[in-house]
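Listed here are the chains, written in short residue letters.
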Amino acid sequence: MYFGRIPRFSPSFSPAEALISARMFLNPPDDDALKVQEFEQKFAAFIGVKHGIMVPSARYAFYLLLGALDISADDEVVIPGLTYFAIPAMAALAGVKPVFADVGLRSHVLDPAAFEAAITPRTRAVVPTHLYGTPCPMGPILEVARRHKLAVIEDCAQSTGARYNGRRVGSFGRASYYTFGLTKNITTLSGAMITTDDDEINARVRAQVAASTPADPQKAKKEALVGTAMMFATHPLIYPWTLHPVIRLGNKLGKDPIHEPFGEPEVVYDGLPSSFMKSRPRAVQAAVGIKQLERIEALNGARIRNGRALDVELAHVPGLVLPEYPEGAEPIYMSFVVHHSRRDALMAALRRRGVDTTVGYMNNCADHPLFDAFRRDCPHAAQIKAEQLHLPVHPSLDSRDVAHIVESVRRALKEVDP
Ligand SMILES: Cc1ncc(COP(=O)(O)O)c(C=O)c1O
């Protein structure tokens, strides 16, 4: 029996990983470092670089990298207008000026021409952000960076495992960062990674991480519990009778009962959160990460299969703007983002048909009150923010689900745009 009820996401956390974490919570090792080192080495080998350094979050990774590259007060970094607020917020905290550059309207990633136009004599670095699983056009971006002698810090928070011209993203820049929260394509129950081929950056970042105290094990325990709850709540036999009715009710009331509880308040930082100093990753996070890494090709492969099917099946649906991918990019479809001028009406119509969608958490930071001092015109980022809709593309969907999404989009569009 097919219910046609499709959640917006499902965690990559599996029963096997829940068991590993439960075992390690009961029997914590005396020394976390060995497991963490094993994960770091395996992750670096997967990306194809020399060093991996496990850190508590991608935003702290970026902050550490600004320091390791001696980028400081009055320097500028070019950041795409469409990104997660915490990245420009970290630049501002470090006294570095974030200079926003626009993204491709349908690719959602940094436009090399906009990047070049944003460069000034004070620019020190650029942050190509492989958003929604789509690699940036790294060829042209590296060429501009080389000409202007800028460091390239890749933001791979949404694209672990994606490739550009056959090479994994994260292996192009001076350094890169990734994040492994519960909603990402692989998870370590919170935690993140820096990779680099540069021995000096590795040594400098590693010294900072070594000086921090180990993370509170309660945090990973809480994440494991939330991950397990998500696993059940999004299961095809459970979701239709639990989360789905809540979302339907929210839809009727014009509210999204998931978006806010899973989002975080957008704030400027007036200091480094103390949790960053008490957050050296634990063995349990590394052990889950090692298991996830063994499955990453299968997890990404399922996303790619679903994303390609949506690309093909939705290609000729009138009124819908589909994503497009830079030449050489091999996306992993972390999100499948379409645009529509009546986005909210389309989202409501899809939810009525059992297909849950979201507007996501990326903002046009170039026009955000948090970054008033750094305001710039990024018309594509503004349009994407207003019109983007994330269709489900996660690995637990099968071909019947994808067909149901396609049919629901067709019907919902007829309702919205008769
Ligand atoms: C593109 C991008 N960069 C950075 C981050 C920040 O990651 P973290 O929450 O680990 O700091 C996120 C979070 O989702 C993101 O999507």
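Look up: the structure comes first, before these words.
Asker: What exactly am I supposed to notice about helix 4 (residues 86–93) here?
Answerer: An α-helical segment advances 3.6 residues per turn. Residues three or four places apart therefore align on the same side. Among the eight residues in helix 4, six count as buried, and that is most of the element. Buried residues along helix 4 sit against helix 3 (58–68), strand 2 (76–80), strand 3 (82–83), strand 4 (97–101) and strand 6 (151–155). Among the residues trailing helix 4, G95 stands out with phi positive, at a value near 80°.

Asker: Would you mind showing me how to read the pairing of strand 10 (residues 192–196) here?
Answerer: Both faces of the sheet carry side chains from a regular strand, because those side chains alternate between them. Within strand 10, five of the five residues are buried, leaving the element largely enclosed by the surrounding structure. Bridge count between strand 9 (residues 175–179) and strand 10: five bridges; the pairing is antiparallel. Within strand 10, the position partnered with A175 by the bridge is T196.

Asker: Which parts of the structure should I look at to understand the packing of helix 1 (residues 15–26) against helix 8 (residues 217–233)?
Answerer: Packed helices, taken two at a time, are described by the angle their axes make and the gap between the axes. Across the interface, helix 1 lies against helix 8 with an axial gap of 11 Å and an inter-helix angle of 150°. Classed by the angle they form, the pair helix 1 and helix 8 counts as roughly antiparallel. The handedness of the crossing between helix 1 and helix 8 comes out as left-handed. Contact with helix 1, carried on its side by A18, S21 and F25, involves P217, K221, A224 and T228 of helix 8 and no other residues of that element.

Asker: Where do I start with the packing of helix 1 against helix 11 (residues 283–313) in this structure?
Answerer: One can describe the packing of helix 1 onto helix 11 by two numbers: an axis separation of 9 Å at closest approach and a directional angle of 160°. Viewed along their axes, helix 1 and helix 11 adopt a mutual orientation that is roughly antiparallel. Between helix 1 and helix 11 lies a crossing whose hand is right-handed. Every residue of helix 11 that contacts helix 1 at A16, E17, I20, S21, M24 and F25 is listed here: A283, V284, A287, V288, K291 and Q292. Looking at the contact of helix 1 with helix 11 residue by residue, the classes come out as eight nonpolar, two polar and two charged.

Rules and cut-offs
Along each chain, residues carry numbers from 1 onward, in the same order as the chain's sequence is written. Two thresholds apply to this predicted model, a pLDDT of at least 70 for residue-level local features and 80 or more for giving and counting side-chain atom pairs, whereas whole-chain, interface and lining totals are computed over all residues. Remark: C-beta atoms are placed from the backbone, and a residue is labelled buried if 20 or more other C-beta atoms sit within 10 Å of its own, exposed if 12 or fewer do, or partly exposed between those counts. The helix count covers DSSP runs of H or I at least four residues long, the strand count covers runs of E at least two residues long, and both are numbered beginning at the N terminus. For the purpose of contact definition, each residue receives a C-beta atom placed from its backbone, and two residues are in contact when these atoms lie within 7 Å. We call two strands paired when DSSP finds no fewer than two bridges between them. Whenever a helix is involved, its axis is fitted only over the stretch in contact; in every case the axis is a line through C-alpha atoms, and angles between N-to-C directions fall within 0 to 180 degrees. Our angle categories are set so that under 35 degrees counts as roughly parallel, over 145 as roughly antiparallel, 65 to 115 as roughly perpendicular, and the remainder as oblique. Definitions for this section: a left-handed crossing has its near helix turned counterclockwise from the far helix by less than a right angle. A right-handed crossing has that turn clockwise. Under the scheme applied, nonpolar residues are Ala, Val, Leu, Ile, Met, Phe, Trp, Tyr, Cys and Pro; charged residues are Asp, Glu, Lys and Arg; polar residues are all the others, including Gly.

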